[in-house]
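# Working through the structure, step by step
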Amino acid sequence: MVTSTDLQTVFSWHMDTPVYVVDYAVEAPIIVATGATWVSLQFLVDNERPAPGPALDDLNVIDAWVLHRWDPKAGTASDVATYGLGGAALLTTGLLGKRHGGLAPAVILVEAWTCTGLTVEVLKQATDRSRPFVRYNDPTDDIIKAQQNHDATMSFPSGHTAFAAAATFTVARMLDDVDAVPAWVAYSSAGALTTTVGVLRVLAGKHYPTDVVIGALIGGTYGLVLPVLHHQDRAVSLRVAGPREVAVVVTW
């Protein structure tokens, strides 16, 4: 005989349980600061960079293997996949929030995105790695146009892959935390979706394999860690204890 307790266990993710908590006095400044800095770096730093010439750095065997690829359709597919995953992640966190913390899951997702964006942009600006199509032999007119774009020297790491990883692994961690689906389903799906975006970026000629691997690690790390830090049982928060004192409250 199935009891009410059994049903509550099976459908526990539908119960009104505040699994995630956020402190807006902390989250808002973090999101605004990381997001504003990320956007500033994108549009204000080195925006007048001259057209890049052929990359002179030596490539490893794996990265050299993908040279001379150019597929605009794969590039478009990667855009659609990345934005689609972002929309699906935002919708999912919103639905989870109805039962597990209000706006907290969506806020955590946005924070993962802004932190990912800033980290990716800093590395792009610091490394100035040319994209694979910069080395293209016998480039067509559209490739030549792309080579003249400021973005042509922003190969490392892959932003699309990083954002896809941040979205999918944030959702995967949350679904695991609330026992909505088996953990292996959540994480393997996140890995497969992130890999799909990464492969499309390589096939498009926009990134080297190492670009997408590091991008996935960056986004995946934020996606896995931030939900843990905001879990009600493992919350880490900062509260001002006095005019000259800050108390760190940690529950694990």
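Residues numbered from 1 in each chain as written. Predicted model: local features only at pLDDT ≥ 70, side-chain atom pairs only at ≥ 80, totals over all residues. Heavy atoms only, no water.

### What about the overall build of the protein?
- Summing up its helical and strand segments, the protein has nine helices and two strands in all.
- For the protein, the succession of helices and strands along the chain, N to C, is α-α-α-α-α-α-α-α-α-β-β.
- The long-range share in the protein, meaning contacts at least 24 apart out of those at least 6 apart in sequence, stands at 81%.
- Accessible area for the protein stands at about 13,200 Å²; split by element, carbon and sulfur atoms hold 66% of it. (Helix = DSSP H or I, 4+ residues; strand = E, 2+ residues; numbered from the N terminus. Contact = heavy atoms within 4.5 Å. Areas by Shrake-Rupley, 256 points an atom, 1.4 Å probe, with all protein chains shown as cover.)

### Observations regarding the side chain of Arg 129
- Note that Arg 129 resides in the loop between helix H5 (104-127) and helix H6 (141-147).
- Among the polar contacts made by the side chain of Arg 129, one reaches the side chain of Asp 63 at a distance of 2.9 Å. (Polar contact = N/O pair within 3.5 Å; in protein donor to acceptor, adjacent residues only side chain to side chain.)

### Things to note about the packing of H5 against helix H9 (residues 209-229)
- Contact pair H5 / H9: the axes reach a minimum separation of 9 Å and the direction vectors enclose 145 degrees. The element H5 and its partner H9 pack so that their crossing is right-handed. Of the residues in H9, those touching H5 at Ile 108, Glu 111, Ala 112, Cys 115, Thr 116, Thr 119, Val 120 and Leu 123 are Ile 218, Gly 219, Tyr 222, Leu 226 and Pro 227.
- When its residues are assigned to classes, the contact of H5 with H9 shows nine nonpolar, three polar and one charged. (Axes fitted to C-alpha atoms, helices over the stretch in contact; angles between N-to-C directions. Left-handed = near helix turned anticlockwise from the far one by under 90°. Nonpolar A, V, L, I, M, F, W, Y, C, P; charged D, E, K, R; others polar.)

### Describing the pattern of salt bridges
- Applying the stated criterion across every chain yields a total of five salt bridges.
- Across the salt bridge formed by Asp 211 and Arg 129, the nearest N and O atoms sit 2.8 Å from each other. With Asp 211 in helix H9 and Arg 129 in the loop between H5 and H6, this residue pair connects regions lying 82 residues apart in the sequence. Arg 129 carries the same exposure label as Asp 211, and that label is buried.
- Put simply, Arg 131 and Asp 151 hold a salt bridge, and the shortest N to O gap is 2.8 Å. Separated by 20 residues along the polypeptide, Arg 131 in the loop between H5 and H6 and Asp 151 in the loop between H6 and helix H7 (159-177) bring together distant segments of the chain.
- Three or more residues joined by partner-sharing salt bridges are found here, namely Asp 63, Arg 129 and Asp 211. (Salt bridge = Lys/Arg side-chain N within 4 Å of Asp/Glu carboxyl O. Buried < 20%, exposed > 50% of the residue type's maximum accessible area, 1.4 Å probe, protein only.)

### Description of a nonpolar patch on the surface
- The grouping of Val 39, Phe 43 and Leu 44 at the surface amounts to a nonpolar patch, some 330 Å² of accessible area in total.
- Looking at the secondary structure, you find Phe 43 in helix H2 (residues 24-44).
- Here Phe 43 falls in the exposed class, since its relative accessible area comes to 54%. (Patch = residues over 30% accessible without salt bridge, like charges linked within 9 Å, V, L, I, M, F, W, Y side chains within 5 Å.)

### Some remarks on the packing of aromatic side chains
- Overall, the coordinates contain two aromatic pairs when judged by the stated rule.
- Taken together, a centroid distance of 5.4 Å and an interplanar angle of 35 degrees make the contact between Trp 38 and Phe 163 tilted. Here Trp 38 is found in helix H2, whereas its partner Phe 163 is found in helix H7, with 125 residues between them in sequence.
- The interplanar angle of 80 degrees and the centroid separation of 5.2 Å between the aromatic rings of Trp 70 and Phe 133 together place this pair among those described as edge-to-face. Of this pair, Trp 70 sits in the loop between helix H3 (61-64) and helix H4 (72-100) while Phe 133 sits in the loop between H5 and H6; the two residues are 63 residues apart in sequence, bridging distant segments of the chain.
- Judged by relative accessible area, Trp 70 falls into the partly exposed class, the value being 22%.
- The aromatic ring of Trp 65 is capped on one face by Arg 69, whose charged end is 4.8 Å from the ring centroid. (Phe/Tyr/Trp six-rings, centres within 6.5 Å; stacked < 30°, edge-to-face > 60°. Lys NZ or Arg CZ within 6 Å of the ring centre and 35° of its normal.)

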